[in-house]
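Okay, here's what each chain looks like letter by letter:
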Amino acid sequence: MSVSRLVVHNLRNLTNVDIRPSPAVNLVYGKNGSGKTSLLESVNLLTLGRSFRSHKIKPLIQEDRPVLTVFGRVGEGDAGVPLGVSRARNGESVFKAQGRPVESLAELASYLPLQVINADAFSLLEGSPKVRRQFLDWLVFHVEPDFYPAWKAAQRCLKHRNTILRRGRISTPEMAPWNQELIAQTERIQAFRVACFERLMESFSALFGELDLAQGLNLSLYRGWDKELNFAQALESGTERDIRQGFTGVGFHRADIRIKVNGQNAADILSRGQQKLLVCALKVAQGKVYERITNRKCVYLVDDLPAELDKIHRLQLVSWLEALGTQVFITGVERSALLEPWLGNTRREIKVFHVERGEITSEDYPSGE
Ligand SMILES: Nc1ncnc2c1ncn2[C@@H]1O[C@H](COP(=O)(O)OP(=O)(O)OP(=O)(O)O)[C@@H](O)[C@H]1O
Ligand SMILES: [Mg+2]
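Remember, it's a predicted structure, so these values are computed and weren't measured experimentally.

Enquirer: Give a detailed account of the overall build of the protein chain, specifying residues and quantitative values.
Expert: From N to C terminus, the protein chain includes 12 helices and 15 strands. Dimensions of the protein chain along its principal axes, counting C-alpha atoms only, are 75 × 50 × 35 Å. A total of about 17,700 Å² of accessible surface is found on the protein chain, and carbon and sulfur atoms cover 48% of it.

Right, here's the structure in full:
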């Protein structure tokens, strides 16, 4: 998948942008505050209806303007699907695909699977289990159609179970059906997650296994309860604690990917650059598994490539992205630092865009390089 045309109006300092990205490598450079991240946000908006920076819409809309719009053509070349998003200060939104309003944001998202690597990437190591759980579940959701219904059903059970727990007076006949359904759905969720995690690890090891950094590194899937017990047993043995606390303390909603180096949390041991490369490898591995299963490629948005990564690490990420053969949008302040890792390492089309105070110009490349 790729974005072949991108038209943006009134998104932060991007008043009027109209570009035709390369289906391969798009390098976006410009000074601090010029509008590079805003351009990546526009791609995110086009497919997810919001920014990756925040869920808030108002800060995205240009000051003194009532509405922002992003239009894009997504797919192979001019035959791509037109997508359009507009978000207004008064809360109104329009999401369209092929000229028609979309049924749901999930439909919009299905047109363009995205992977984002930005300053937030570290949260995959430093953040709460929720971040890593969502990372895994993104893949499970996209490759296993039965996952979402199971997850929704389990959430519903959990909600009812917690309501009963909060009331304090537990009656077994009232609780039993929720427990039973929760156990059944949790087993399904768990099986889907394990299958995806195994594929993810296979792909991750192929990328990362050879690096020095892989020494002592261990990633494991924590199911959300004691590994010695099945979920029914874990739920049973935790009942008293759950009653005391007023919520369900074990389950699919507590799952995590544990990332350790010699037994310690990777976030406490690895340097910033090492952490970033590790996260990049996980995201590239995810794109790879996604492609293998669905036959579709994710588009990668890499905000501020040089941040935290030295030359060798930049080259490493670029070689992974090149091997994936996906469309990439990569930003940075210095043109040369963006371009250097690609020179001689790709035969695909590189487009270089310069951003200055919200104006974007496409530079001729490779002439003059
Ligand atoms: N709602 C808004 N209306 C107008 N301008 C805005 C709005 N929100 C942010 N800006 C401005 O838009 C500009 C672009 O910001 P952006 O984050 O895209 O810059 P950048 O090129 O990524 O910079 P950096 O290199 O520092 O990351 C900034 O100057 C910012 O102050
Ligand atoms: Mg930026």
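There's plenty left to go through after this.
Enquirer: How would you sum up the site of ligand 1? Please name residues and give values.
Expert: Lining the immediate surroundings of ligand 1 are 15 residues, of which G33, K36, T37, S38 and P59 lie closest. Within the contact set of ligand 1, an oxygen atom lies 2.7 Å away from a side-chain nitrogen or oxygen of K36. Between ligand 1 and P59 there is a distance of 2.8 Å, counted from a nitrogen atom to a backbone nitrogen or oxygen. Alone, ligand 1 offers 650 Å² of accessible surface; in the complex the protein occludes 68% of this. The class makeup of the residues in the shell around ligand 1 is 2 nonpolar, 8 polar and 5 charged.

Enquirer: Give a detailed account of the environment of R89, specifying residues and quantitative values.
Expert: Within the element layout of this structure, R89 appears in the loop between β5 (81–88) and β6 (93–97). Its relative accessible area of 32% is what places R89 among the partly exposed residues. As for R89 and S171, which are separated by 82 residues in sequence, their C-alpha atoms are 48 Å apart. Look past the residues within four positions of R89 in its chain and what remains in contact with it is K58, I61, Q62, E63, D64, R65 and P66.

Enquirer: Which residues make up the pattern of salt bridges, and what values go with them?
Expert: Summed over the entire model, instances satisfying the criterion amount to 13 salt bridges. The salt bridge partner of R193 is D137, with a shortest N-O separation of 2.8 Å. Separated by 56 residues along the polypeptide, R193 in helix α6 (residues 172–208) and D137 in helix α4 (residues 129–143) bring together distant segments of the chain. As far as the burial class goes, R193 and D137 line up, both buried.

Enquirer: I'd like a rundown of α4, residues and numbers included.
Expert: Here α4 spans 21 Å end to end across 15 residues, near enough to the 21 Å set by a 1.5 Å rise per residue. Here α4 has its buried residues at R132, R133, F135, L136, D137, L139, V140 and V143. Here the buried face of α4 lies against α3 (123–126), α5 (147–167), α6, β9 (217–222), β10 (256–261) and α10 (272–294).

Enquirer: I'd like a rundown of the environment of P113, residues and numbers included.
Expert: Within the element layout of this structure, P113 appears in the loop between α2 (105–110) and β8 (114–117). Judged by its relative accessible area of 3%, P113 is buried. Taking the C-alpha atoms as reference points, P113 and M1, separated by 112 residues in sequence, lie 7.9 Å from one another. The contact partners of P113, leaving out residues within four places of it in the chain, are M1, W138, Y290, R296, K297, C298 and V299.

Enquirer: Residue-level account of the sheet that holds β8, with values.
Expert: Strand order in the open sheet formed by 6 strands is β8-β12-β13-β3-β14-β15, with mixed pairing between adjacent strands. Two strands bound the open sheet, and with one partner strand each, they are β8 and β15 (359–363). Between one strand axis and the next, the sheet turns through 20 degrees on average, direction left out of account. Direction of pairing for strand β12 (residues 299–302) relative to strand β13 (residues 328–332): parallel, over a ladder of 3 bridges. Looking across to β13, one finds that V302 is bridged to I330.

About the criteria used
Residues numbered from 1 in each chain as written. Chains lettered and ligands numbered in written order. Predicted model: local features only at pLDDT ≥ 70, side-chain atom pairs only at ≥ 80, totals over all residues. Heavy atoms only, no water. Helix = DSSP H or I, 4+ residues; strand = E, 2+ residues; numbered from the N terminus. Areas by Shrake-Rupley, 256 points an atom, 1.4 Å probe, with all protein chains shown as cover. Near = heavy atom within 4 Å. Polar contact = N/O pair within 3.5 Å; in protein donor to acceptor, adjacent residues only side chain to side chain. Nonpolar A, V, L, I, M, F, W, Y, C, P; charged D, E, K, R; others polar. Buried < 20%, exposed > 50% of the residue type's maximum accessible area, 1.4 Å probe, protein only. Contact = heavy atoms within 4.5 Å. Salt bridge = Lys/Arg side-chain N within 4 Å of Asp/Glu carboxyl O. Expected span 1.5 Å × (residues − 1). Pairing = 2+ DSSP bridges. Axes fitted to C-alpha atoms, helices over the stretch in contact; angles between N-to-C directions.

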